[in-house]
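Inside the fold
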Amino acid sequence: MDKVVSLCKRRGFIFQSSDIYGGLANTWDYGPYGVELKNNVKRAWWKSVVYERFDILGMDAAILMNPKVWEASGHVNNFFDLKSDCKFCKKRFKTEDLKDKKKCPECGGELTEPKSFNLMFETNYGSVTDKSGIMYLRPETAQGMFVNFSNILDSRHPRLPFGLAQIGKAFRNEITPGNFTFRTREFEQMEIEYFVRPEEADKKLEEWIQARFDWYLNLGINKDNLRKHPHGSNELAHYAKACTDVEYNFPFGWSELEGIANRTDFDLKQHAKFSGKDLQYFDDVKKERFYPYIIEPSGGVDRAVLAFLVNAYHEEKVKDDLRVVLKLHKDLAPVKVAVLPLLRNRPEIVELARKIAQGLKKDIITVYDDTGAIGKLYRRQDEVGTPFCITVDVQSLEDNQATVRERDTMQQERINIDKLKEYLKNKFNEGDR
Ligand code: ATP
């Protein structure tokens, strides 16, 4: 884990937030490569759940919502953990994580009695400072989709089963954040709310568990490090009838990437009750009016990014050197191609290399780098997971060919410079390059 964290900082994937002020604990900023990787993860998700299907519509709801939403959803009353504070060192712990509920695991001091602690962040809305102005930063994106259910029915007239998909920030005042970006207080979710006839819910739940599991595998997660964890009845959230997590074997142990739950008709019924609006679905063929059940695949963007990074990190011995390489799936790699001149003191080579990079840039995400010797340039690209490096050398000036080096195999191939774009385009899906 330390090696991945250090690579993330060294190469510009992820930095400590507010670093120059000593940081803000457990808060992270995505740097130039990190934002590309994160966007690629979100794009791959959106593509697989919205663009490649007919039955899911995308949306983007506001983070701030009417506070009644959180009463209806149950978050005001149910979304809390028990905390215990050390009377001596003042550290705070999640009570369920403590072996000895009376003694501080860090300093041995006496702990307070467990107290419940709501995980929602409160803020004030507008100029009102009394209780009536209290708002919450959403702890999940899901509610933005439930409250738009009737807007979607009225504007798009979808037939069951259909779903809504959304990616966005969520906030939870976690008692014990940690493990780098795995558990933070501000994070991004990618969630689907899939509306089904109640009698189809069990079947659709199984289909979604498999579809989401396969999504991680198709993007290169090693199958030995991915598993499904069905929840026992004592693990279920207050709204769920059944849930299975997709877990990844991180260096700190098996941990949840995504939960796929059967939320039943709990949410729509609650919102109908609290808002006074009829949120039933009308089946115009069967002439029936009813509340659909909801299957919810809910994943964390940051956790997926972390799993892809950990999964991709490899150290290999090459001759007497250690090669660090990120074997990211090519759709996820932040940069697809790097063009490198073999001799940076030869203006004709530099000029040709720049011209090649410029020509590719419009169609494929390409960088140009001449700030080191070729060995160093390759190392740099390996560490950020660039799938292809193109080297321009003296011979290129004569035979109009360049060397294409593939990241994982390190195999090299001479390709005619005029054919490079076509050669590389064929290696990537449109939209992913
Ligand atoms: P955990 O048990 O790890 O706290 P959860 O079961 O409370 O997670 P859900 O409410 O199911 O999480 O949220 C759906 C997804 O959102 C999780 O699978 C995870 O990927 C992501 N997520 C939830 N909390 C956090 C967090 N504090 N930091 C980063 N991602 C999170």
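Keep in mind that this is a model prediction, so the values were computed, not measured. (Residues numbered from 1 in each chain as written. Predicted model: local features only at pLDDT ≥ 70, side-chain atom pairs only at ≥ 80, totals over all residues. Heavy atoms only, no water.)

**A look at helix H11 (residues 374–384)**
As a reminder of what qualifies: Classification of residues uses two cut-offs on accessible area relative to the type maximum, computed with a 1.4 Å probe and protein chains only: under 20% is buried, over 50% is exposed, and between them is partly exposed. Note on conventions: DSSP H or I runs of at least 4 residues are helices, E runs of at least 2 residues are strands, and numbering of each starts at the N terminus.
With eight of 11 residues buried, H11 is to be regarded as a mostly interior element. Among all positions of H11, only Ile374, Leu377, Tyr378, Arg380, Gln381, Asp382, Glu383 and Val384 are buried. Remark: Gly385 follows H11 within two positions and exhibits a positive phi of approximately 85 degrees.

**Some points on the environment of Leu64**
Tracing the chain through its elements places Leu64 in the loop between strand S3 (56–58) and helix H3 (68–72). Residues Leu64 and Tyr125 lie 61 residues apart in sequence; the distance between their C-alpha atoms is 9.1 Å.

**Remarks on the site of the ligand**
Stated precisely, the cut-off is as follows: Any residue with a heavy atom lying within 4 Å of a molecule or strand is counted as near it. Think of a polar contact as two N or O atoms within 3.5 Å of one another; within protein, one of them needs to be a possible hydrogen donor and the other a possible acceptor, and neighboring residues in sequence only count if both atoms come from side chains. Residues are grouped as follows: Ala, Val, Leu, Ile, Met, Phe, Trp, Tyr, Cys and Pro are nonpolar; Asp, Glu, Lys and Arg are charged; every other residue, Gly included, is polar.
Taken together, 15 residues are adjacent to the ligand, and Glu174, Arg183, Thr184, Glu256 and Leu257 come closest. At a separation of 3.2 Å, an oxygen atom of the ligand approaches a polar side-chain atom of Gln189. Within the contact set of the ligand, an oxygen atom lies 2.8 Å away from a backbone nitrogen or oxygen of Leu257. Those elements that place two or more of their residues in the shell around the ligand are strand S10 (186–196), strand S13 (253–264) and strand S16 (293–300). Per-element accounting of the shell around the ligand gives the leading share, four residues, to S13. Split into classes, the residues belonging to the shell around the ligand amount to three nonpolar, six polar and six charged.

**Brief notes about unusual backbone geometry**
In the segment running from Leu160 into Pro161, the intervening peptide bond is cis, with an omega of -10 degrees. With respect to the secondary-structure elements, Pro161 resides in the loop between helix H6 (149–156) and strand S9 (162–171). A positive phi is found at Lys319, a non-glycine position, where the angle reads about 50 degrees.

**Remarks on the side chain of Thr403**
Quick note on the threshold: Note on contacts: a residue pair is in contact if any heavy atoms of the two residues lie within 4.5 Å.
Relative to the helices and strands, Thr403 is located in strand S22 (residues 401–406). At 2.9 Å, the side chain of Thr403 forms a polar contact with the side chain of Arg414. Setting aside residues up to four positions removed in sequence, Thr403 forms contacts with Cys389, Ile390, Thr391, Asp393, Gln412, Glu413 and Arg414.

**What to know about the nonpolar core**
Nonpolar side chains tend to gather and get buried jointly when the protein is soluble and globular. Here is the rule: What makes a nonpolar core is a set of buried Ala, Val, Leu, Ile, Met, Phe, Trp, Tyr and Cys residues whose side-chain atoms join them at distances within 4.5 Å.
Phe13, Val41, Trp215, Tyr216, Phe308 and Leu309 are the most contacted members of the largest nonpolar core, which totals 53 residues. Ranked by residue count, the leading element in this core is helix H9 (residues 301–312), at nine residues. Setting aside anything within four residues of it in sequence, one finds Trp215 in contact with Val41, Ala44, Trp45, Ser48, Met190 and Phe308.

**Description of the packing of helix H1 (residues 2–11) against H11**
For clarity, the threshold we go by: Lines fitted to C-alpha atoms define the axes here, with helix axes fitted over just the stretch in contact, and angles between the N-to-C directions of these axes take values from 0 to 180 degrees. Should an angle lie under 35 degrees it is considered roughly parallel, over 145 roughly antiparallel, and from 65 to 115 roughly perpendicular; all remaining angles are considered oblique. We call a crossing left-handed when the near helix sits turned anticlockwise from the far one by less than a right angle, and right-handed when that turn is clockwise.
Look at H1 against H11: their axes get within 10 Å of each other, and the N-to-C directions meet at 120 degrees. Relative to H11, the element H1 lies oblique. Of the two elements, H1 crosses H11, and the hand of that crossing is left-handed. Along its contact with H1, which presents Leu7, Arg10 and Arg11, the element H11 presents Arg380, Glu383 and Val384. Here the contact of H1 with H11 is composed, by residue class, of two nonpolar, no polar and four charged.

**Comments concerning the sheet that holds S22**
Selection criterion: Only strands joined by at least two bridges in the DSSP assignment are considered to pair.
Taken in spatial order, the five strands line up as S20-S19-S21-S22-S23 in an open sheet, and their pairing is mixed. Edge positions in the sheet fall to strand S20 (366–368) and strand S23 (412–416), since each has one partner strand and no second. Neighbour to neighbour, the strand axes of the sheet diverge by 25 degrees on average, direction disregarded. Relative to S20, strand S19 (residues 337–341) runs parallel, the two sharing three bridges. Residue pairing in the sheet places Val337 in a bridge with Thr366 of S20. Where helix H10 (residues 347–361) meets the sheet, it contacts S19, S20 and strand S21 (388–392), and its direction lies at approximately 165 degrees from that of S19. Lying over the sheet, H11 contacts S19, S20, S21, S22 and S23, oriented at roughly 170 degrees with respect to S19.

**Details of the domain arrangement of the protein**
Rules: These domain boundaries are the output of an automatic or database domain assignment. By buried area we mean how much accessible surface two parts lose on assembly, using a 1.4 Å probe and totalling the loss over both.
We note that the domain assignment places domain 1 (2–59 + 144–309) and domain 2 (335–429) within the protein. Taking only C-alpha atoms, the centre of domain 1 and the centre of domain 2 are 37 Å apart. Listed by partner, the interface residues are seven residues for domain 1 and six residues for domain 2. Summed over both sides, the interface of domain 1 with domain 2 buries roughly 630 Å², with 50% coming from carbon and sulfur.

**As for the packing of aromatic side chains**
Our working definition: For Phe, Tyr and Trp, where Trp contributes only its six-membered ring, two rings pair if their centres lie within 6.5 Å, and the inter-plane angle classes them as stacked under 30 degrees, edge-to-face over 60, or tilted in between. Remark: a charge is flagged as sitting over a ring if the NZ atom of Lys or the CZ atom of Arg is within 6 Å of the ring centre and within 35 degrees of the ring normal.
A full pass over the atoms with the stated rule returns 16 aromatic pairs. Each ring, one from Trp215 and one from Tyr216, has its centre 4.9 Å from the other, and the planes form 85 degrees; the classification is edge-to-face. Residue class for Trp215 comes out buried when judged on its relative accessible area of 7%. Here the aromatic rings of Phe250 and Phe252 are separated by 4.9 Å at their centres, their planes lie at 5 degrees, and the arrangement is stacked. Exposure remark for Phe250: the relative accessible area of 2% places this residue in the buried category. Through pairs of rings, three or more aromatic residues link up here, namely Phe182, Tyr248, Phe250 and Phe252. Lying across the ring of Tyr378, Arg405 places its NZ or CZ 4.1 Å from the centre.

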